[in-house]
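Topology and contacts: notes
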Amino acid sequence: MTQSYKEISKNIIEGVGGEENIKSLTHCVTRLRFVLKDTAKVKQDMLEQMPIVMTALSTGGQYQVVIGPKVTDVYDAVMVELGNLEDNTNEPEEKKKLSDRLLATISAIFTPYINILAAAGVLKGLVILIQMMHLFGEKSLVLAVLNALASGVFTMLPIFIAITGAEKFKSNKYTAVALAAALIYPLTAADIPANVMLGSLAIPLKVYGGAVLPTIFAVYFLSIIEKWLKNIIPEVAKLVFVPTLALLITGFVTFLVIGPLANYVGVGIANVYTWLYNLSPVISGAILAGVGQFFVIFGIHWGIIPLGQINVQVLGYDTIMAMFMSAVFGQFGAVVGSIFTSRNSDERQISISASISALFGITEPALYGVNVKKKYPFVAGCIGAAVGGGITGLLGVKLYGFAPVLNIFMLGMFNGPQSKMIYEVVAVTAAFLIAAILTIIWGRRYAKHSQHSDVYVSTEVNNDTKLELHAPVTGEAVAITEVSDPVFASKMMGDGFAVKPDNGQIYAPIEGVITSVFPTKHAITLKGNNGVDVLLHMGIDTVALKGQGFDILVTENQKVTTDTQLANIDLTFLASEGKDDSIMVVFPENLNGEVNVKKGHYTVTDMVGEFNKGES
């Protein structure tokens, strides 16, 4: 990486509208998640042109900048530049929909510690594998320590929720932790009964290990009580009496009202989900796994993932994440398939790198870098995922623990009283293989049918070196003098020809090196291996679009062949903007004579024209 993280962080801050526009910032495994005051101030093009940024989007009440595996380093650098964000938190915030606020809240509460939840999930899978293989005795020190490390996080989950919940709801972090500790404490004390009676009503006390909803609602209520107490208690007494009374009031209300009600809500959610799932486990698995990665694309998967923890808390197992694992392996298979259908070494390297991330359960590099960009691998991944999800439903696969990031190291968690690990292995293997095979088949057919037309223009340059030039796109070829731009038509820019494209897939017309990519993405210059300069100009007057509608797939100084795709153009968008989409290939210099083009529609290997050398 040529830029330092300090430079990257400054550019990202500028891209989201500056420090004064940032209300809060968290990150998950691959994304920076900003809450902004005004998304209209975002410089979308600037962010998307940064090499480290895969994509940037506003969704779920947040502005998300997708970085990939290096997100933690970038987040740390951004936070160093921002310093203390609390100075900005009282500024007015743009009005958001209820659904967006809910998703933003869930994300803010869970994503800061997703890495440790994933780590605990890996350890939990390891514990189960050790038990299955009888590598250590049940009372061995190794197994005891591993089990404590794996299970402690989930039992004490209310502590984690209290910390991030306090940050989100603006309550005292330490009072919130004390409240969460009180919820967990009955589990550790043998002399505290499981239930206490309030008249004829039984109040449960030992149900809050791993509790999600009771803790969230309790911390939210705590924030309300704290604000109220700060308004009525004199300044000299606030230090002691605000936390004392806040903990006392919130504690009793939580144990008597909030905890039981929230627990019943969680039971209700789990039961409703189970009822829907049991209507047809196969169909449920196929649908949820098939569309699972759509949620990831738009960054709203955190609206569903916490339901897995609720299921584990209420039912002792979960099926949602069992199905989601097929969604992960579907896209994993698709990006692996793309390795074998890549058009050039650069594209292949991107697919290999993305497949490694997908193996560890991180699919964003595969989605944004390969599958969604090419489209057919993403569709193949969804089909494979749907088949795998249907298998999980058919075999009744269950996950005995919470695993927010799904990978092969967590397979042990699928082994339990009503499920076997081999069932999930079968499901994800099917998802992977189907997606990979479909990607390879479609990729080869796609390459065959979309191969760009060959144009041979014979020239004599650089000591009579023959130049072989290929068409940049399949379509209708015309002489450069017939294009609607007078500058090109008069050959002021040089001789050449134009193609009226059938599609938006633009390829290198010559083997050589990319010498420049215009900032507005509408033009690329190349230098052939024999020294010939070529200007590829995409559309007429498209500089006014400022890059919209153009997706550049190469960088300056990159070596290319005639099989290298340079760009994707949204022809529909160009038409909606009233732009001529003619693709012009122009020789600014180095040629003597004229390029004679035979007009007409051409496909693979058809001769479009030839260059007749004139007198020097």
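All of these numbers come straight from a predicted model, not from anything done at the bench.

The number of helices and strands found in the chain is 19 helices and 19 strands. Sequence-distant contacts in the chain: of pairs separated by 6 or more residues, those separated by 24 or more amount to 70%. With the model as given, the accessible surface of the chain reaches about 27500 Å², and the carbon-plus-sulfur share is 62%.

Attention shifts here to the sheet that holds strand S4 (residues 62–66). Taken in spatial order, the four strands of this open sheet run S1-S2-S4-S3, and their pairing is antiparallel. The two strands at the open ends of the sheet, each matched to only one other strand, are strand S1 (22–27) and strand S3 (55–59). This sheet shows a mean twist of 20° between the axes of neighbouring strands, independent of strand direction. In this structure, strand S2 (residues 31–36) lies alongside S4, joined through four bridges in antiparallel fashion. By the bridge assignment, Phe 34 is partnered in S4 with Tyr 63.

Right, let's get into empty space enclosed by the protein. With the rule as written, the count across this model stands at four cavities of 30 Å³ or more. Forming the walls of the largest cavity are 19 residues, and the residues nearest its centre are Val 296, His 301, Ile 305, Gly 361 and Pro 404. The biggest single contributor to the lining of the largest cavity is helix H13 (residues 320–339), with three residues.

To describe two helices that pack against each other, one gives the angle between their axes and the distance between the axes. Running from amino to carboxyl end, helix H1 (residues 5–15) crosses helix H3 (residues 71–82) at an angle of 70°, the nearest separation of the two axes being 8 Å. Taken together, the axis directions place H1 and H3 in an arrangement best described as roughly perpendicular. Along this stretch, H1 crosses H3, giving a crossing that reads as right-handed. Contact with H1, carried on its side by Tyr 5, Lys 6, Ile 8, Ser 9, Lys 10, Ile 12 and Ile 13, involves Asp 73, Val 74, Ala 77, Val 78, Glu 81 and Leu 82 of H3 and no other residues of that element. For the contact of H1 with H3, the residue count by class is eight nonpolar, one polar and four charged.

Of note, Lys 546 is a non-glycine position whose phi angle comes to about 55°, a positive value. Along the chain, the position of Lys 546 falls in the loop between strand S12 (533–540) and strand S13 (550–552). A positive phi angle, close to 70°, is found at Asn 557, a residue other than glycine. Mapping Asn 557 onto the fold places it in the loop between S13 and strand S14 (559–560).

Next up on the list: the packing of helix H15 (residues 364–374) against helix H16 (residues 376–395). Interhelical geometry of H15 versus H16 gives an angle of 95° and a closest axis separation of 4 Å. With respect to H16, the element H15 is oriented roughly perpendicular. Between H15 and H16, the residues in contact are Leu 367, Asn 371, Val 372 and Lys 374 and Tyr 376, Pro 377 and Phe 378, respectively. Its residues assigned to classes, the contact of H15 with H16 shows five nonpolar, one polar and one charged.

Another point: H15. Every α-helix carries 3.6 residues per turn, so stepping three or four residues along brings you back to the same face. H15 sits mainly inside the fold: eight of its 11 residues count as buried. Where H15 terminates, the next one or two residues include Lys 375, which has phi positive at roughly 75°.

Taken together, the side chains of Leu 198, Leu 201, Leu 248, Phe 252, Leu 256, Val 257, Leu 261 and Tyr 264 present a nonpolar region at the surface, about 820 Å² in accessible area. Per-element tally for the nonpolar patch: the top contributor is helix H10 (residues 238–279), with six residues. Turning to its location among the elements, Phe 252 is positioned in helix H10.

Looking now at the pairing of strand S8 (residues 495–501). The side chains of a regular strand alternate, first on one face of the sheet and then on the other. Across the seven residues that make up S8, a large majority, six, are buried. Here strand S7 (residues 475–479) runs beside S8; their pairing, made up of five bridges, is antiparallel. Following the sheet pairing, Ala 479 is matched in S8 by Phe 497. Two strands pair when backbone bridges link them, and S8 and strand S16 (residues 580–587) are joined in this way by five bridges, in the antiparallel orientation. Residue pairing in the sheet places Ala 498 in a bridge with Met 584 of S16.

Cut-offs used in this document
Numbering of residues starts from 1 in every chain and runs along the sequence as written. This being a predicted model, a pLDDT of at least 70 is required before a residue's local features are given, and a value of 80 or more before pairs of side-chain atoms are given or counted; all residues contribute to the totals for chains, interfaces and linings. Computation of side-chain values covers all heavy atoms of the structure but excludes hydrogens and water. The helix and strand labels rest on DSSP assignments: H or I over at least four residues marks a helix, E over at least two residues marks a strand, and numbering proceeds from the N terminus. In what follows, residue pairs with any heavy atoms lying within 4.5 Å of each other are defined as contacts. Every accessible area reported is derived by Shrake-Rupley at a probe size of 1.4 Å, with residue values counting cover from the shown protein chains alone. For two strands to count as paired, DSSP must find a minimum of two bridges between them. Fitted lines through C-alpha atoms give the axes, limited to the stretch in contact for helices. The angle between two N-to-C directions lies from 0 to 180 degrees. Put simply, the grid is 1 Å and covers the protein atoms alone, a cavity is a trapped set of points that fit a 1.4 Å probe, a pocket is an open set with protein on both sides within 12 Å along at least five of seven lines, and lining residues have an atom within 4 Å of a point. Grid points are joined across faces, edges and corners, and a volume is the space filled by probe spheres set on the points. Just so you know how the angles are binned, under 35 degrees is roughly parallel, over 145 roughly antiparallel, 65 to 115 roughly perpendicular, and the rest oblique. Left-handed describes a crossing whose near helix is turned anticlockwise from the far helix by less than a right angle; the clockwise case is right-handed. Residues were grouped as follows: Ala, Val, Leu, Ile, Met, Phe, Trp, Tyr, Cys and Pro as nonpolar; Asp, Glu, Lys and Arg as charged; and all remaining residues, including Gly, as polar. With a 1.4 Å probe rolled over the protein chains alone, any residue whose accessible area is under 20% of its type maximum counts as buried; one over 50% counts as exposed, and the rest are partly exposed. A patch consists of residues exposed above 30% relative accessible area that lack any salt bridge, with like charges linked at up to 9 Å and nonpolar side chains (Val, Leu, Ile, Met, Phe, Trp, Tyr) linked at up to 5 Å. Criterion for a salt bridge: a side-chain nitrogen of Lys or Arg within 4 Å of a carboxyl oxygen of Asp or Glu.

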